[in-house]
Amino acid sequence: MIGSQRFLERAEHFYEIGQIDGAIDQLKRALTEDPDLAEAHAWLALCLLRKRRLHAAVVEAGLATTLGPELLLSNLVAAEVALAKRDFERAGQHIEMLLADAPEHPAFHRLKARWLTLTGKRNERLPVLEEARRLAPDDPETLAALSAHFAETGEIARARLLAEEALRIEPENQSALVAMGWALLHGGDTAGARGHAIDALRADALAPDALALLTSIKTRSNPLLGAWWHYATWMERIGPTRSVIVLLAAFVLYRLAVIIADQQGNGGLASGIQIAWLGVVVYSFVGPALFRKALRRELESVELRRF
Amino acid sequence: MSGYQIADEPAPSTLARYAVNPLYPMLAAMLGGVWFAWPWFAFNSFAIGSPTRRAELAWLVAGLIVPPAVAAVLISAVGAGMLPRASGPYIGLCVVVLKLVVVYAVFLLQSRTIEIYEYYGGKLLNGIWPVLAALYVGDRLVADLPVLLFLMLS
């Protein structure tokens, strides 16, 4: 039991510093010693969500809520998993339970703000975030969330001030870096925004918020390149299953176009469509690798400019 | 990989040394046909001890039954005059798409497991030679079978 607690503490440390694989390893050790440790299951679910292993995260979250229904962490994980599955009704129920049990926790108010954003109730978000700030005025995550809200509503000066404050408290905070990037981009400082986006991507090269920022920056400098970045990040965001559905739909359209062109006796058009499809096939194989290479180059170029 | 096992982690068998990246069976399905690719998918699944192997097998079995069944119904409809004679290419497309759905579904399920398998140090064989063999043999082995069996295995 003592050993499992030690592994759990190490896992929490690894999670805090962003080493998710290390955290998973420690949690597996903890659960090998004590398979009924609800807290370890809950942390494991959080780690698996960060690794985008949703199916396993759902299983671990279920074990956490079964073994420790009274734990706040179990409810938090259940809410996060429900949000990841886009089951907003269940997520809302868990968030309300969290806020009823521990209204003093700013993270739960932020989670509610995120839920409001995802359910399209953006105009109800501000009082929730302000309550989170009242509870913890120096919490960089809350400041970053407020900054992102003001950047969205066009109050750029306010957004920038809040992001600056968040970065003064925690210079490496990913949410704050992204918020500052958006504030700078809306203020017309593309280079500054890019630097912040790259800094945010350093911890997680596929972090959706930071990628969305970098994509918008790309679009400003080159609309064609920006369109490609939009497409590539969209494919990353929707995940492999939906990407395959998109490709299958494209295949059906391609085959239908060829059949119709052939039936109308337009062999030239059919050949043209087939050549275009060959391009799509080649791109679907090399596209993701090209995108990751472009992203890596972005990260390296900013790194080199600093030295 | 001993100790606590996460739900999506594989439990490799002694055959795991013959496992390949599921990209190769997928290519074999496209270049050679189902008769070669689907047993290969099934073998791969058992070799790495995929936690989703039941779902993968269910997809493969459904993929053997549903496309020829749909084709049989549509061909009968053409025979009965319910569909125009020119719908042949569309029926063919329907069969191909149904098979592709199965191929992609199994590929996606196996890919997740293979990623984790490799993360824990699991080694994979290069599957290009069986793919080339499938490309060379193609549909020749099943070409003389009755239509429905051909639709099932090609």
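Chemist: Sorry if this is basic, but what is going on with the overall build of chain B here?
Modeler: Regarding its fold elements, chain B presents six helices and zero strands. What you see in chain B, going N to C, is helices and strands ordered as α-α-α-α-α-α. Referenced to the eigenvectors of the C-alpha coordinate spread, the extents of chain B come out at roughly 60 × 30 × 20 Å. In chain B, which comprises 154 residues, the share counted as buried stands at 36%.

Chemist: Help me out: how do you make sense of the interface of chain A and chain B in this one?
Modeler: The figure often quoted for interface size is the accessible area lost as the parts come together. With 18 residues of chain A at the interface, the matching set in chain B holds 14 residues. Contributions of two or more residues to the side of chain A that touches chain B are made by helix H2 (20-33), helix H4 (54-67) and helix H14 (223-263) of chain A. The residue makeup of the side of chain A that touches chain B, split by class, is 10 nonpolar, four polar and four charged.

Chemist: How do you make sense of the packing of helix H12 (residues 190-203) of chain A against helix H13 (residues 208-221) of chain A when you look at a structure like this?
Modeler: A pair of packed helices is characterised by two quantities: the angle between their axes and the separation of those axes. Residue and element names in this part refer to chain A. Contact pair H12 / H13: the axes reach a minimum separation of 9 Å and the direction vectors enclose 150°. The orientation of H12 relative to H13 falls into the category roughly antiparallel. Crossing handedness for the pair H12 and H13: left-handed. When H12 is examined against H13, the residues Thr190, Ala193, Arg194, Ala197, Ala200 and Leu201 are found in contact with a partner set consisting of Ala210, Leu213, Leu214, Ile217, Arg220 and Ser221. Partitioning the contact of H12 with H13 into residue classes produces eight nonpolar, two polar and two charged.

Chemist: Help me understand the domain arrangement of chain A, please; the structure alone is not making it clear to me.
Modeler: Residues and elements named next belong to chain A. Its domain assignment divides chain A into domain 1 (1-102), domain 2 (126-221) and domain 3 (237-307). Using only C-alpha atoms to locate each centre, domain 2 and domain 3 end up separated by 32 Å. Counting residues at the interface gives seven residues for domain 2 and five residues for domain 3. Those elements that place two or more of their residues in the side of domain 2 that touches domain 3 are H12 and H13.

Chemist: Help me out: how do you make sense of the packing of helix H8 (residues 125-135) of chain A against helix H9 (residues 140-152) of chain A in this one?
Modeler: Residue and element names in this part refer to chain A. Remark: H8 packs on H9, axes separated minimally by 9 Å, with the N-to-C direction vectors making an angle of 155°. Classified by the interaxial angle, the pair formed by H8 and H9 is roughly antiparallel. As for how H8 packs across H9, the hand of that crossing is left-handed. Between H8 and H9, the residues in contact are Arg125, Leu126, Leu129, Ala132 and Arg133 and Thr142, Ala145, Leu146 and His149, respectively. Here the residues of the contact of H8 with H9 sort into five nonpolar, two polar and two charged.

Chemist: Looking at this model, I keep getting lost on unusual backbone geometry. Mind explaining?
Modeler: Both trends apply: most residues other than glycine have a negative phi, and most peptide bonds are in trans. Residues and elements named next belong to chain A. Notably, Arg52 is not glycine yet its phi reads approximately 60°, a positive angle. You can see Arg52 is positioned in the loop between helix H3 (38-50) and H4. The exposed category is assigned to Arg52, around which 12 C-beta atoms lie within 10 Å. Despite not being glycine, Arg86 shows a phi value in the positive range, around 60°. Examined against the element boundaries, Arg86 turns out to sit in the loop between helix H5 (72-84) and helix H6 (88-101).

Chemist: Quick question: what am I supposed to make of the environment of A:Leu76 here?
Modeler: Of note, A:Leu76 is situated in helix H5. Sequence separation between A:Leu76 and A:Leu201 is 125 residues; the distance between their C-alpha atoms is 25 Å.

Chemist: Just checking my understanding: could you explain the nonpolar core for this structure?
Modeler: Proteins that are soluble and globular tend to have nonpolar side chains buried together. Residues and elements named next belong to chain A. In terms of nonpolar packing, the biggest core is built from 40 residues, with Leu27, Trp43, Ala45, Val77 and Ala79 touching the most fellow members. When residues of this core are traced back to their parent elements, those giving at least two are helix H1 (2-16), H2, H3, H4, H5, H6 and helix H7 (106-118). No other element matches the 10 residues that H3 contributes to this core. For Ala45, the residues in contact, after removing those within four places along its chain, are Ala57, Glu60, Ala61, Ala64, Val77 and Val81. Ranked by size, the runner-up nonpolar core spans 36 residues in total, among them Leu167, Leu184, Ala207 and Leu214.

Chemist: In this structure, what is going on with helix H10 (residues 156-169) of chain A? I would like to understand it.
Modeler: Every α-helical turn comprises 3.6 residues, leaving residues that sit three or four positions apart pointing alike. Residues and elements named next belong to chain A. Helix length check: H10, at 14 residues, gives a terminal C-alpha distance of 20 Å against a target of 20 Å (1.5 Å per residue), a fit within 8%. Looking at H10, one finds that the buried residues are Ala159, Arg160, Leu162, Ala163, Ala166 and Leu167. Along the long axis of H10, the arc covered by the buried residues comes to 165°, so they all point the same way. Opposite the buried face of H10, at more than 90 degrees from it, the exposed residues are Ala157 and Arg168. In this structure, the buried residues of H10 make contact with H9 and helix H11 (174-186).

Chemist: What is the right way to read the environment of A:Ala212 from this model?
Modeler: Relative to the assigned elements, A:Ala212 resides in helix H13. It is 25 Å that separates the C-alpha atoms of A:Ala212 and A:Val282, two residues lying 70 residues apart in sequence.

Chemist: Would you mind showing me how to read the confidence of the model for chain B here?
Modeler: The predicted coordinates should not be examined in detail at positions where pLDDT is low. Residues and elements named next belong to chain B. Taken residue by residue, chain B gives an average pLDDT of 91. The fraction at 70 or more is 99%. Ranking the elements of chain B by mean pLDDT puts helix H6 (residues 147-153) last, at 86, and helix H2 (residues 34-48) first, at 95. What the predictor reports for the complex is a pTM of 0.76 with an ipTM of 0.73.

Chemist: Any chance you could explain the confidence of the model for chain A here in plain terms?
Modeler: Residue-level pLDDT values for chain A average 89, and 97% of them are 70 or greater. No element of chain A has a lower mean pLDDT than helix H15 (residues 267-306) of chain A, at 81, and none a higher one than H8(A), at 96.

About the criteria used
- Residues numbered from 1 in each chain as written.
- Chains lettered and ligands numbered in written order.
- Predicted model: local features only at pLDDT ≥ 70, side-chain atom pairs only at ≥ 80, totals over all residues.
- Helix = DSSP H or I, 4+ residues; strand = E, 2+ residues; numbered from the N terminus.
- Buried ≥ 20, exposed ≤ 12 C-beta atoms within 10 Å, placed from the backbone.
- Contact = placed C-beta atoms within 7 Å.
- Nonpolar A, V, L, I, M, F, W, Y, C, P; charged D, E, K, R; others polar.
- Axes fitted to C-alpha atoms, helices over the stretch in contact; angles between N-to-C directions.
- Parallel < 35°, antiparallel > 145°, perpendicular 65-115°, else oblique.
- Left-handed = near helix turned anticlockwise from the far one by under 90°.
- Domains from an automatic or database assignment.
- Core = buried A, V, L, I, M, F, W, Y, C linked by C-beta atoms within 7 Å.
- Expected span 1.5 Å × (residues − 1).
- Arc of directions from axis to C-beta.
- pLDDT = per-residue confidence, 0-100.

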